[in-house]
Amino acid sequence: MKRKVEKRLKKRSELETGAIPPLELLEESVHVLRSNISETLPFYAFGSVPLVLAMIYFVSDMSQRSDALDVLPGAATTMTLLFIWKNAWQSIFLRKVMDILTLRDPEKVSMGEFARIAFQQGIVQSFGLFVQILSAIILLPIAWTTAFFASFAVYSGEPRAMFSQAFTSAARHSRVHTAQNHVILLCLSVAAFLVWMNISVLLFFAPWMLKTFLGVETFFSKANSLEIIVNMIFNTTFWSVVVGLTYLAVDPILKTAYAVRVFHADSAHKGYDIIADLKRLGAMSAKTALACFLAVVLSFAAAAPSEAAPVQTADKKSQCKERLDPKKLDSAMKKVLSKREYTWRLPPEANRASEESAFIAFLKGIWKTLDDGVSFFDKLMRKLFNNPPRRDSNGSAFMSLMAWLGANALQLSLILLVALLLITLLIIRKRRKSAVLAAAESSSDDAAKETPDLNDESLTADSLEHNEWLEMASEMLRKGNLKLAMRAFFLATIAALARNDYLMIAKYKTNRDYSREVGRRLHAKPEVVAAFKENVGTFERVWYGEHEVDADRVEHFKTNQEKIGNSVASE
């Protein structure tokens, strides 16, 4: 029993390694988003904005339509697909965030990679939608479930991530840094409430602000009755807009915070500095290929013979005298009146009786949505090839499309053949270009590596290895440049501590940040912490304070550096 307890405590201590204060984590998350808006947020917006707009329309439409039950299956299917679309692009957004945090070259997301991410996210996040709602009602497990599903989105977006590996890693991260996790959610909940209040007040007073400052009259500013204003604003559409805008404002920070959380937790065990540099190869311009494809399509469309219009043989006067069939006229009137532009304002039917089960009605609704999509594609292709629409009264859009494909099989075969030839040529050219770039890159790796300039203020300790900084310091001592030698010794100290995971190098960190981080992680070795803080003070007085530096001071600085390096290397 004692061994099991010791084993669990050891495992937990290993998992807890790498925790940072939650406020620092949130600050770093906001810094990452603010510094890389153009590289990250477009991916998030491309997936989330369509779902938010569709949700606002869905809530407004379903609350007003009289035939809401008829169109509900197709609308629900559309919302499900947009939900999967949103989760897939959010995972790609987190992948871009991890590329920035780990300083790795981004990889292009192929169609197969996107399908894998969408499949994994669709399985887990669809289940997580109900779990999150239940957790929010119970309140206590909301932090663990949020950490799990957000961490899974991070791991699922990694290149070639396996489902089992992403699931296991997300489950592990949901159990570590519990206090940090709760503080993050508490801070973001307060921020979300404040954003929600600001958006609500802004939208409420927007009509009167437009009238006051710009002189623009709206329905709300013209309304004299307070009851009308309250009934028009305080409805489901208004609040769905407020919730959607609040979600778009706060959720990117939440997702980025959990990506940073995963990055720090994994850095303590794996180390992202060993990730291979993956260079993104320039893709061929899609505009050239599209222009060639459209030119081929238009050339065949111009050459394709159009179907002859039916010749009217009957006399127009005799047609006018012909009596209309009452049944056909009644059927045509019902068909026109059943269209949406005439029925959407009708009141809902009371005690509506259905002869079919709900499941059969749902399947018919999905089939109707698919049939409308096929009909739209059929009309588009016929318009492109200048063929008149030809759909029987008893036939479906699918049968009409199949008949058109059979009639134009030769032209379509030629177009597909030319398209496949173009795609093959593009792939061959891309592979040749990739091989040339890879050969040029491998041959110029050694030549591209330059010696860093010690006078550069933006120079960081991860530019060289620990031994290379020491060699540069020895060279500066031989040249008699004691000030640059002291800086090289200082950067060697930072590189040695970072190599052993006692601090994390970042451009936005100051020497005081490094001192606090070393004091927190090396509290068991006070002599190392004291030596590091002494070297920090000496370096800042010499480098920034323009104090005189002599050989004795540099020798003492070097002794402290060796003490720190030997202490952290012996573990």
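Heads up: the structure comes first, above all this text.
Residues numbered from 1 in each chain as written. Predicted model: local features only at pLDDT ≥ 70, side-chain atom pairs only at ≥ 80, totals over all residues. Heavy atoms only, no water.

A. Looking closely at the overall build of the chain. Across its full length, the chain carries 24 helices and zero strands. Buried positions account for 35% of the 571 residues belonging to the chain. Of the contacts formed within the chain by residues at least 6 apart in sequence, a portion of 71% connects residues at least 24 apart. If you sum the accessible surface of the chain, you get close to 36,200 Å²; carbon and sulfur atoms cover 64% of it. (Helix = DSSP H or I, 4+ residues; strand = E, 2+ residues; numbered from the N terminus. Buried < 20%, exposed > 50% of the residue type's maximum accessible area, 1.4 Å probe, protein only. Contact = heavy atoms within 4.5 Å. Areas by Shrake-Rupley, 256 points an atom, 1.4 Å probe, with all protein chains shown as cover.)

B. Local environment of the nonpolar core. Ranked by internal contacts, the top residues of the largest apolar core, which has 37 residues, are L454, W469, L497, L522 and F532. Elements that contribute at least two residues to this core include exactly α20 (466–479), α21 (482–499), α22 (511–521), α23 (526–543) and α24 (551–569). Judged by nonpolar contacts, the second largest core, of 34 residues, contains L26, Y155, L254 and M504. (Core = buried A, V, L, I, M, F, W, Y, C linked by side-chain atoms within 4.5 Å.)

C. The arrangement of the pattern of salt bridges in detail. Tallying each qualifying case throughout the model produces eight salt bridges. Two residues, D251 and K255, come together in a salt bridge whose shortest N-O distance is 2.7 Å. Placement of both D251 and K255 in helix α11 (residues 236–267) is noted, with a separation of four residues, approximately one turn of the helix. The same class applies to D251 as to K255, namely buried. Salt-bridge contacts for R516 lead to D513; the nearest nitrogen and oxygen are separated by 2.6 Å. Here D513 and R516 lie together in helix α22, a separation of three residues that amounts to about one turn. Overall, the relative accessible area of 46% leaves R516 in the partly exposed class. Looking at D513, the relative accessible area reads 21%, which means it is partly exposed. A single salt-bridge network, built from bridges that share partners, covers R95, E113 and R116. (Salt bridge = Lys/Arg side-chain N within 4 Å of Asp/Glu carboxyl O.)

D. Structural context of the packing of aromatic side chains. Applying the stated criterion across every chain, the model contains 17 aromatic pairs. Ring centres of F43 and W89 lie 6.2 Å apart, and the angle between their planes is 25°; this geometry places the pair in the stacked category. Remark: W89 occurs in helix α4 (residues 68–102) and F43 occurs in helix α3 (residues 37–62); sequence separation between them is 46 residues. According to the relative accessible area criterion, F43 is partly exposed, its value standing at 26%. Judged by relative accessible area, W89 falls into the buried class, the value being 15%. Here the aromatic cluster, defined as three or more aromatic residues joined through ring pairs, consists of F43, F46, W85, W89 and F114. In this structure, K483 is placed above the aromatic ring of W543, and the distance from its NZ or CZ to the ring centre is 5.2 Å. (Phe/Tyr/Trp six-rings, centres within 6.5 Å; stacked < 30°, edge-to-face > 60°. Lys NZ or Arg CZ within 6 Å of the ring centre and 35° of its normal.)

E. Main features of helix α5 (residues 111–138). Relative to the 40 Å expected for 28 residues at 1.5 Å per residue, α5 spans 39 Å between its end C-alpha atoms, a close match to the ideal helical length. Within α5, the axis deviates most sharply at L129, by approximately 30°. Among all positions in α5, only E113, F114, R116, I117, A118, Q120, Q121, G122, V124, Q125, G128 and S135 are buried. Elements that come into contact with the buried residues of α5 comprise α4, α6 (142–156) and α7 (163–173). (Expected span 1.5 Å × (residues − 1). Bend = angle between axes of the 7 residues up to and from the residue.)

F. Spotlight on the environment of A265. The residue A265 is located in helix α11 in this model. The exposure class of A265 is buried, given its relative accessible area of 4%. Along the primary structure A265 and I20 are separated by 245 residues, whereas in three dimensions their C-alpha atoms are 9.1 Å apart.

G. Highlighting the environment of S474. Along the polypeptide, S474 turns up in helix α20. Through-space distance from the C-alpha of S474 to that of M486 is 10.0 Å; in sequence the pair is 12 residues apart.

H. Region of the structure containing α21. Compared with an ideal rise of 1.5 Å per residue, which puts 18 residues at 26 Å, α21 spans 26 Å between its outermost C-alpha atoms and is within 8% of the ideal. Counting buried positions over the 18 residues of α21 gives 15, a clear majority of the element. One or two positions beyond α21, positive phi appears at D501, with a value near 65°.

I. Here's a closer look at the packing of α23 against α24. At a minimum axis distance of 9 Å, the contact between α23 and α24 shows a crossing angle of 145°. In the packing of α23 onto α24, the handedness of the crossing is left-handed. Of the residues in α24, those in contact with V528, A531, F532, E534, N535, T538, F539 and V542 of α23 are R553, H556, F557, N560, Q561, K563, I564 and S567. Here the contact of α23 with α24 is built from residues that sort into seven nonpolar, six polar and three charged. (Axes fitted to C-alpha atoms, helices over the stretch in contact; angles between N-to-C directions. Left-handed = near helix turned anticlockwise from the far one by under 90°. Nonpolar A, V, L, I, M, F, W, Y, C, P; charged D, E, K, R; others polar.)

J. Summary view of the side chain of S240. Note that S240 resides in helix α11. Aside from chain neighbours lying at most four places away, what touches S240 is I56 and V59.

K. Inspection of a negative patch on the surface at higher detail. Taken together, E548, D550, D552, E555 and E562 make up a surface patch of like negative charges. Here E555 lies in helix α24. (Patch = residues over 30% accessible without salt bridge, like charges linked within 9 Å, V, L, I, M, F, W, Y side chains within 5 Å. Lys, Arg positive; Asp, Glu negative; His and termini not counted. Charge placed at Lys NZ, Arg CZ, Asp CG, Glu CD.)

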